[in-house]
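Read off the chains here:
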Amino acid sequence: MQPTKKSDVTDAVRSQYTAVAESSLTNSHQGVRAVAEAFGYSPEELASIPAEANMGLSCGNPIATANLKPGEAIVDLGSGGGLDVFLAAKKVGPTGKAIGIDMTQAMIDRANAAAKRDGYANVEFKLGTIDRIPLPDAFADVVISNCVINLASDKAAVFREVARILKPGGRLAISDIALKKPLPTELAQDVMAYVGCIAGAILIETYRQQLKAAGFEHVEVIDSGADLNAYAKVENQSSCCSPPMAAPAEKSSCCGSAPPKAAKSTCCGVETPPPEQSVHARMIELLKRYNVNDYVASVKVFAIKPK
C-alpha cells in the first residue's frame, strides 16, 4: 500500500490516531504502562498524571532531558492525550505554562477533558499542525515532542517553526524515531509503515543537518539504544503501540509476532473494521520480515536556538 501524495499520508495518520484517541486505552492497561516504562517513564511519573493521557504511543521520555524550570513556557508538538504536557505542567508550576499542539481533534478533546476534570490550570491544548504551529514568535522557553516529528511530511518546515516560536536561547528536547540506514523499498513505500512511525523517519545525520539548517546550535541526535521490539514483548500486546481492547487468545504484535486468530485486529491498539484487516495484516507481514532495530533507532534530540 503506497502513499500517493502528502494528503493521503496525513489522512491515514489522522484516522489512525483518532481511533486511538476514541479508544478506552489508558494507563490502567498493563501493556500501556509497560510501553511507557520501556521508553523511560517511571511508575511514579505515570501515576501522577490522568490515566487517559497515556495510550502507549511513546518512543522516549523528552521530559527527562528537557531540564524544565518553574515559570517556563513549554510547547509539546503532537501532544496526543497530554502525557508529556501534564508532566511538564508539574515541573513549570503555576507560574509556567504547558501547551500541547495536535492535529487530531479527538486527541485535543481527550486531553482537555482530563485537564478540566483534574484541575490543571496551567495547561492548554490547541488544534494545529506542527509545520504551522498556532503560536506567536518567541513564545516558548522549551519545545518538546515524543515520536511525532517522524510523521511530518516536511520536517524542515517543522524545525523552522520550532525555531520561530522559541525564545532566543530556548531549547528543543525531542524523543523520536530516526533511521540508522535507508529502509528497504518495500518498507519505505508502505503507508502503514509510515503511520507506524517507520517509513517517515529520516536518517540520523539528516536530522542533525536539518536542525542546523533551521538555525539551531549544539545539536545532538543520539541513539538511545532502546529496543523497539519492546512493544512486542508486552503481555497480550496486539500492536506495536498498545494492547488490544480485549485480551486475545495469544500474543501478537506489528513488531514481530503473529496476529491473533480473532476476527478483530489492531494498529496502535485500536480495533479496526473488517476493511482495515488487510492493512493491518500487511503491516504485520512487513515487520515480521525485517528486524526493526537494524534500520531505525529511538533517538534523543537536543538543540538550542542562538541568543
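Residues numbered from 1 in each chain as written. Predicted model: local features only at pLDDT ≥ 70, side-chain atom pairs only at ≥ 80, totals over all residues. Heavy atoms only, no water.

## Focus on the overall build of the protein chain
The helix and strand tally for the protein chain stands at twelve helices and nine strands. Out of the 307 residues belonging to the protein chain, those deemed buried represent 57%. Sequence-distant contacts, at least 24 apart, represent 76% of the contacts inside the protein chain between residues at least 6 apart. By element, 53% of the accessible surface of the protein chain is carried by carbon and sulfur atoms, the whole surface being about 12300 Å². (Helix = DSSP H or I, 4+ residues; strand = E, 2+ residues; numbered from the N terminus. Buried < 20%, exposed > 50% of the residue type's maximum accessible area, 1.4 Å probe, protein only. Contact = heavy atoms within 4.5 Å. Areas by Shrake-Rupley, 256 points an atom, 1.4 Å probe, with all protein chains shown as cover.)

## A short note on the side chain of asparagine 122
Looking at where asparagine 122 falls in the secondary structure, it is placed in the loop between helix H6 (105-118) and strand E3 (123-127). In this structure asparagine 122 comes out as buried when scored by relative accessible area, which is 10%. Reaching out from asparagine 122, the side chain makes a polar contact with the backbone oxygen of glycine 93 at a distance of 2.9 Å. Not counting residues up to four positions away in its chain, the partners in contact with asparagine 122 are Ala89, Val92, Gly93, Pro94, Gly96, Lys97 and Ala98. (Polar contact = N/O pair within 3.5 Å; in protein donor to acceptor, adjacent residues only side chain to side chain.)

## Remarks on the nonpolar core
The biggest cluster of nonpolar side chains holds 33 residues, and the ones touching the most others in it are Leu77, Val143, Tyr207 and Phe216. Broken down by secondary-structure element, the contributors of at least two residues to this core are strand E1 (73-77), strand E2 (97-102), strand E4 (140-146), helix H7 (155-165), strand E5 (166-179), helix H10 (204-213), strand E6 (217-223) and strand E9 (296-304). When neighbours within four sequence positions are excluded, tyrosine 207 is seen to be in contact with Ile149, Phe159, Ile174, Asp176, Ala178, Ile202, Val221 and Val301. Core analysis: the next-biggest nonpolar cluster, separate from the first, contains 27 residues, Val85, Ala98, Tyr120 and Val123 among them. (Core = buried A, V, L, I, M, F, W, Y, C linked by side-chain atoms within 4.5 Å.)

## As for the pairing of E4
Residues in a regular strand point their side chains to alternate faces of the sheet. Burial runs high along E4: seven of the seven residues are buried. In terms of strand pairing, E1 meets E4 through four bridges, oriented parallel. When the bridges of E4 are listed, leucine 77 appears paired with serine 145. As paired elements, E4 and E5 share six bridges and run parallel to each other. For serine 145, the partnering residue across the bridge sits in E5 and is isoleucine 174. In this view, the connection linking E4 to its parallel neighbour E5 by way of H7 has right-handed handedness. (Pairing = 2+ DSSP bridges. Right-handed = clockwise from strand over helix to strand, strands pointing away.)

## Here we look at helix H5 (residues 83-92)
Within H5, eight of the ten residues are buried, which leaves the element mostly enclosed by the surrounding structure. Every buried residue belonging to H5 is among Leu83, Asp84, Val85, Phe86, Leu87, Ala88, Ala89 and Val92, and all of these are buried. Where H5 terminates, the next one or two residues include glycine 93, which has phi positive at roughly 70 degrees.

## Considerations on unusual backbone geometry
One non-glycine residue, cysteine 147, lies in the positive phi region at around 60 degrees. Along the chain, cysteine 147 turns up in the loop between E4 and H7. Judged by relative accessible area, cysteine 147 falls into the buried class, the value being 5%. Phi is positive for histidine 218, close to 50 degrees, though the residue is something other than glycine. The class for histidine 218 is exposed, based on a relative accessible area of 57%.

## Regarding the sheet that holds E9
Taken in spatial order, the seven strands of this open sheet run E3-E2-E1-E4-E5-E9-E6, and their pairing is mixed. The two strands at the open ends of the sheet, each matched to only one other strand, are E3 and E6. Within the sheet, the average angular offset between the axes of one strand and its neighbour, ignoring direction, is 15 degrees. Pairing between E2 and E3: five bridges, direction parallel. Paired with isoleucine 99 across the two strands is glutamate 124, which belongs to E3. Sheet strands touched by H5: E1, E2, E3 and E4. Its angle to E2, the strand with the most contacts, is close to 165 degrees. (Axes fitted to C-alpha atoms, helices over the stretch in contact; angles between N-to-C directions.)

## Regarding the side chain of threonine 104
Relative to the elements of secondary structure, threonine 104 occurs in the loop between E2 and H6. Judged by its relative accessible area of 2%, threonine 104 is buried. For threonine 104, the contacting residues outside a window of four places in its chain are Arg14, Tyr17, Thr18 and Leu127.

## Examining the environment of alanine 34
One can find alanine 34 in helix H2 (residues 30-38). Sequence-wise, alanine 34 and glycine 56 are 22 residues apart; in three dimensions their C-alpha atoms are separated by 8.0 Å.

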